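Breakdown of the fold
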Amino acid sequence: MTEPVDDSIKLTQRITNDWLDAAKRVTIPVAGMTCAACQSFIQKTLEAQPGVKDASVNLMLNSASVSFDPALTSTTLLVDAIRSTGYGAEIPIANQSIIEEQEKDNAERLGEYQQLRLKAGVSLFAGLAAMLLSMPLMSSESAGGMEHVQDPLMSWNLRIIDPALRKVLPWMYRLNDDVIRWSLFVSTAIILCWAGRRFYVKAWSALLHKTTDMNTLVALGTGAAFLYSAACTISPGFFIAHHVAPDVYFEAAILIVGLVLTGNALESRAKGQTVNALRHLVQLQPKTAKILRDGIELELAVESIQESDIVLVRPGERIPTDGKVISGRSSVDESMLTGESLPVEKTVRDQLIGGTVNQRGALEYRATSVGAGSTLAQIVRLLRDAQSSRAPIQRIADRVSAVFVPTVLGIAIVTFSAWRIFASSSGVIQAFSAAVTVLVIACPCAMGLAVPTALMVATGRGAALGILIKSGETLQRLEKIDTIALDKTGTITSGRPVVTDVIVNLYEGDKGRDLRDAEDNLLRIAAALERSSEHPLAEAVVLCAQERAIEVPYTHEFESLTGLGVTGVVEGKRALIGSRALMKNHDVVTASLQKEEMRLAEDAKTTFWIAVDGKLAGIIAVADTLKSTSIEGIRRMHAKGLRVVMLTGDDERTALAIAREASVDEVIAGVLPAAKVEAIRRLQSEHRAVAMVGDGINDAPALAQADVGLTMASGSDIAMEAGDVTLMRSDLRSAVAAIELSRKTMRVMRQNLFWAFMYNVIGIPLAAGALYPVFGLLLSPVIASAAMALSSVSVVTNSLRLRRLKIA
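Everything numeric here is computed off the predicted structure, so don't read it as measured data.

So, how was this worked out
- Residues numbered from 1 in each chain as written.
- Predicted model: local features only at pLDDT ≥ 70, side-chain atom pairs only at ≥ 80, totals over all residues.
- Heavy atoms only, no water.
- Helix = DSSP H or I, 4+ residues; strand = E, 2+ residues; numbered from the N terminus.
- Buried < 20%, exposed > 50% of the residue type's maximum accessible area, 1.4 Å probe, protein only.
- Expected span 1.5 Å × (residues − 1).
- Pairing = 2+ DSSP bridges.
- Axes fitted to C-alpha atoms, helices over the stretch in contact; angles between N-to-C directions.
- Contact = heavy atoms within 4.5 Å.
- Patch = residues over 30% accessible without salt bridge, like charges linked within 9 Å, V, L, I, M, F, W, Y side chains within 5 Å.
- Areas by Shrake-Rupley, 256 points an atom, 1.4 Å probe, with all protein chains shown as cover.
- Salt bridge = Lys/Arg side-chain N within 4 Å of Asp/Glu carboxyl O.

By the element assignment, Pro-50 lies in the loop between helix 2 (36-47) and strand 2 (52-58). What makes Pro-50 exposed here is its relative accessible area of 53%. Sequence-wise, Pro-50 and Asp-69 are 19 residues apart; in three dimensions their C-alpha atoms are separated by 8.5 Å.

Okay, structure coming up:
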C-alpha cells in the first residue's frame, strides 16, 4: 500500500519531474531485437551514454524511448550507440505525425513478417530435403560398425521412412557418400548464410560487447552442428580412423534455423495482432476531407486542414478531425473511440471527434484541433506510450534473462561432460548431440514476451472500451485497488442541474384542469422570467421548457433582486420566482406547499417558488441528478469487493441525499481540493489502495495523491495529464471495467511468466537427457528447436486471449 507522501518525498518527486521535463525525449525505431536480453542490452547501452536521463526499450514496439540532455548528447549519437551494438536504428523523421509514424511501423511489421515467412518456408523445405538425403549416410551399410549418434528423430526415420524411401528412390542409395556430404555442405552453407545470417551477425556483435542473447544459443547450436558436419565432410578419414562414423548433421542445422524462423514468423504475426488496436485507430482517420473555402468546396488531404476551416461531412462519412458543429443535425457513432455503442445526437455548438462516423445527417463544422492536437492523435500517442512502458512485474523476467544465456551455456558444457564421463559407451557424438539440444531448446524469448505482450493487448482492449491506461505500472497498481473515492459533481452526478419536479398549486377552480397543461403553463411563466436571469440554476428551467417544446413569452419590467429572485410582467400579469423570502416580501401565502418544499429539501433539491398576481402558482425543484449509469456502476464496485467513498465540496445534506440514492459506503462532504488530498492520505494510512475518480480539473491534486487516478473525459478535451487512466465515457462502469481489465491482465502475465519458466525448467533437463537413464528417452535437436519456437508463440497466443475479454 502507498504510505502518506511527506514533504521531503514530494520535493524529491518535484525535482525529479522538473529534471525530466527539462530533457528532450525522442522515440527511436530499433530493428533486430529478438528477446529480452536484446532489449536489456540496448537499454543498458543507452543508459550509459552521457546526458541520458532515462531510457526504455520495448521489444514489442521495436523502439527505444530516451530522455536526454541536448547539451550533452543528440539523437544522432544515440542512434549511433544503438547501431554499435549490432542492432538497426533510424533517426526519427522530423515533423512526422504520430499517425504517420504508426502507419510506417505497421508497414515495417508486415514486411518483417513476410520476410521471416519466406526464409522459414525455404529453410524448412531445404531441411526436410537434407534429412531425406542424409538417410543413406545413416543406413547400416554405411555404418561399418562404427559409432553413430542416437538422434531419436533420425532413428525413427530409419525405422519408418527408410524402408519406403528405398523402394521409391533407390537411386539415392546408390550415390557416393562423399557426393551426398558435399551436396549437403554446399546447400547448408547457402541456407545458413541467407536465412540464418541474422543469428550469427547478432551473436558475433553480442560477443564483441561481452554479452549474450538468444542469438548466441541458436548460433552456437547450429554452428556446432554445421562445423562438426563440415569436418566430417572435409576429413572423413580422421573420424573413420577413430572408429567414429563421419555422420553429418546438416539437416539438423537447417531445420533448427527453419523452425526458429517459423517461430519468429508466427511470433511476428501474433505480435502484430497485439497492436491491432493501434492499427485500427490509425485507420480511423480518413485520407481526405471536404473543405469549404471562399464558398468553394475543395477535397484536400487531411494534413492540409487548418484550424477554423469549415469542414463538410455527409452521411456515412468519417469525421476528419475535431471541431464544433455550425450547421446541421445528425447522429454520430463514437463507439470506436469511447466504447459507447449508442449513437450520439449532434447539433449546432456540439463537439465532434475526428475518426468517428457521421450516420444520417449532413454536418458543417469548424475545425478546432488538427494534427497532433486532435483527440485521435492524442489517443494514438497515449496508447503507444502505454505500450512502450514497462510493468514492474517485468523485472522478474529481466533478472532471469540477465543470467539466462550464460547459465544455459554452462549447462550445455556440463551436459557434454556428464555424457562423456557417465555414459562413455555412447561416445562423444551423443555427448555433442545432447549439448546442442540443450542450446537450442533454451528460450529467453518466452520470458521477454510474457509481460509486454499482455500489456499491449490489454491497453489495446482498454482503448476499444474507451479506457486509456497510461502505463504498465498503472495497470499493475489497478489490480490492488480496494477502495475507490468518487468526486460527486460530474462523476456520480451529471454535473448539470436539471428540473426534477414541477408542482402546481391547484385552487378550487383548477381541480378539473389537465395537470400536464398546468405544469407546462407554470414552466412557461418561470422560463419567461429566468431567461433574463443570471442565476446559475436559471438555465435548467429554460432548458426544461425548451425540451417540452413550450413557447416562452417575453418578460417586461424585469427586475433581479439579489439573494431573493426575479420579478417581471408576463402576458400582462405580475410574476415572481425565487425564494420563500421573496414570497413573504410580496405577501404571497405559501402554507399549501410547505410540506412539498420540506420533502424536496430532504432530497437535496433547490426549490423556486412561483407566484402570479399575488397568488402562489407552484414550486419548481432543480437538482444535479445522478447519471443513469452511476447506481449500476457503484453496484458493480461493491460486487468487486471495493469500498466506495464520495468526496465533495457540497454541503453534507446534499451529499448524503446523493449517497443514499447511489448506495455509497462513506461520505466526506464540504471538502476543498486540498482537503480531498488529506482524505485520500487518511484512507491510504489505513493501508488501503485507493483509486480516485474525478473530472481531472478541481480533482487534480487528489488524482495525483491516489494510488491510481482515473479521469473522466468530457467531449474532445480528454485531460490526459490529470490522471493515470482516462475514461472516454463519463460512466462509472468504465472505472470498474478498468479494474477488472487490470486484474485479468495481471493473471495472464503471471500465467505467461509461469509457463515461460516452467518450459525451461522442464525442457532443459529433458534435452540434457535426464530421462535417459530410467526411460531411455532422448530429445532430438530438431524437436528441441520446434519446442523452443512454439514456447514463444504460446505466450503471445495466451496474451491474445485478452482481445476477446468480456467485461460486464
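Moving on: helix 14 (residues 375-388). Compared with the 20 Å implied by 1.5 Å per residue over 14 residues, the 20 Å span of helix 14 between its first and last C-alpha is a close match. Burial of helix 14 is extensive: 11 of the 14 residues sit out of reach of the surface. Listed as buried for helix 14 are Thr-375, Leu-376, Ala-377, Ile-379, Val-380, Leu-382, Leu-383, Arg-384, Ala-386, Gln-387 and Ser-388.

Right, let's get into the sheet that holds strand 16 (residues 498-504). Strand order in this open sheet of six strands is 16-21-20-19-18-17, and the pairing throughout is antiparallel. Bordering the open sheet on either side are strand 16 and strand 17 (555-561), each of which pairs with just one other strand. Averaged over all pairs of adjacent strands, the angle between strand axes in this sheet comes to 20°, irrespective of strand direction. With six bridges connecting them, strand 16 and strand 21 (residues 615-623) associate as antiparallel partners. The residue bridging Val-504 from the neighbouring strand is Gly-618, located in strand 21. Set on the sheet, helix 21 (residues 538-547) makes contact with strand 16, strand 20 (606-612) and strand 21; between it and strand 16 the angle comes to about 75°. Across the sheet, helix 23 (residues 594-602) lies against strand 16, strand 20 and strand 21, angled at about 160° from strand 16, the strand it touches most.

The next point concerns a nonpolar patch on the surface. Taken together, the side chains of Leu-771, Val-774, Phe-775 and Leu-777 make up a nonpolar region of the molecular surface, amounting to roughly 410 Å² of accessible area. When you line up the elements, Phe-775 lands in helix 29 (residues 772-775). With relative accessibility at 57%, the residue Phe-775 sits in the exposed group.

Let us look at the sheet that holds strand 5 (residues 288-293). With antiparallel pairing, six strands are arranged side by side in an open sheet as 6-5-7-13-8-11. What marks the edges here is a single partner per strand, and that holds for strand 6 (296-301) and strand 11 (351-352). Sheet topology note: the strand 8 (residues 322-328)/strand 13 (residues 363-369) ladder contains six bridges and is antiparallel. Looking at strand 13, one finds that Gly-323 is bridged to Ala-367.

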